[in-house]
Structure formats: structure tokens, C-alpha cells
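The chain contents come next:
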Amino acid sequence: MPRRGRSPIAESMGDDDQYCQGGGKVAVGSPEYVACRKDRDVQRQNAEARTDRRQRDLGEYMMNNPDRH
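What counts and what doesn't
- Residues numbered from 1 in each chain as written.
- Predicted model: local features only at pLDDT ≥ 70, side-chain atom pairs only at ≥ 80, totals over all residues.
- Heavy atoms only, no water.
- Phe/Tyr/Trp six-rings, centres within 6.5 Å; stacked < 30°, edge-to-face > 60°.
- Lys NZ or Arg CZ within 6 Å of the ring centre and 35° of its normal.
- Salt bridge = Lys/Arg side-chain N within 4 Å of Asp/Glu carboxyl O.
- Helix = DSSP H or I, 4+ residues; strand = E, 2+ residues; numbered from the N terminus.
- Buried < 20%, exposed > 50% of the residue type's maximum accessible area, 1.4 Å probe, protein only.
- pLDDT = per-residue confidence, 0-100.
- Patch = residues over 30% accessible without salt bridge, like charges linked within 9 Å, V, L, I, M, F, W, Y side chains within 5 Å.
- Areas by Shrake-Rupley, 256 points an atom, 1.4 Å probe, with all protein chains shown as cover.
- Lys, Arg positive; Asp, Glu negative; His and termini not counted.
- Charge placed at Lys NZ, Arg CZ, Asp CG, Glu CD.
- Disulfide = S-S within 2.5 Å.

## Some points on the packing of aromatic side chains
Right, on to step 1. Counted under the stated rule, the structure contains zero aromatic pairs.
Right, on to step 2. A cation sits over an aromatic face here: arginine 40 above tyrosine 19, 4.0 Å from the ring centre.

Given below as C-alpha cells:
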């Protein structure tokens, strides 16, 4: 179950620290680590925007087509 304030998408992506350290191969604070964290943030934001857009589109469809459900 997702923690309060965290979306299912954020939960499904796992732990960014662990992912970006690559099993201890990349040091926290290194340029590679910082770039990885930024990339993960962008990926998460894009995924959440897609989910929000799909939800909004579904709501609009349901409002515009009340006889189809």
C-alpha cells in the first residue's frame, strides 16, 4: 500500500537512492548520481502527468457520454 502523499507511480519506481547508486558502484553526490536522480524525477513527473491526463480524459468522456456506462 502506498504511503500517504506518494503516488502509486512513485511507489512502483522503487528507491531512487538504491537505483542511482547502482549497487554501491556510484557515490552519492557524484555527477553521475545527481544526473540519475534528476532523470528519475523527470521520469516520475512525466508518468504522473500521463496518469493525470488519462484520468481527466476519462472523466470528460463520462460526462459527455452519460448514456454509455
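From this point, things continue past the structure.
## As for the pattern of salt bridges
Right, on to step 1. Within the structure shown, the criterion is met by four salt bridges.
Right, on to step 2. Notably, a salt bridge pairs aspartate 17 with arginine 37, separated by 3.0 Å at the nearest N-O pair. A residue pair is termed long-range when its members are at least 10 positions apart, and aspartate 17 in helix H2 (residues 16–21) and arginine 37 in helix H3 (residues 31–64) qualify at 20 residues.
Right, on to step 3. Aspartate 17 gets classed as partly exposed once you look at its relative accessible area, which sits at 31%.

## Points about the confidence of the model for the protein chain
Right, on to step 1. When the pLDDT values of the protein chain are averaged, the result is 85; 83% of them are 70 or greater.
Right, on to step 2. Ranking the elements of the protein chain by mean pLDDT puts helix H1 (residues 8–12) last with 69 and H3 first with 94.

## Concerning a positive patch on the surface
Right, on to step 1. Positive charge collects at one region of the surface, where Arg50, Arg53, Arg54 and Arg56 lie side by side.
Right, on to step 2. Structurally, arginine 54 can be placed in helix H3.
Right, on to step 3. Look at arginine 54 and you get exposed, because its relative accessible area is 53%.

## Structural notes on the state of the cysteines
Right, on to step 1. Applying the stated criterion to the full structure yields one disulfide.
Right, on to step 2. Note that cysteine 20 is cross-linked by a disulfide to cysteine 36, the S-S spacing being 2.1 Å. Classification of the bridge connecting cysteine 20 and cysteine 36 rests on its S-S torsion, roughly -80 degrees, and on that basis the disulfide is left-handed. Here cysteine 20, found in helix H2, pairs with cysteine 36, found in helix H3; they are 16 residues apart in sequence, far enough to count as distant.
Right, on to step 3. Judged by its relative accessible area of 15%, cysteine 36 is buried.

## Some words on a nonpolar patch on the surface
Right, on to step 1. Taken together, the side chains of Leu58, Tyr61 and Met62 make up a nonpolar region of the molecular surface, amounting to roughly 270 Å² of accessible area.
Right, on to step 2. Looking at the element boundaries, tyrosine 61 is found in helix H3.
Right, on to step 3. Owing to a relative accessible area of 38%, tyrosine 61 belongs among the partly exposed residues under this scheme.

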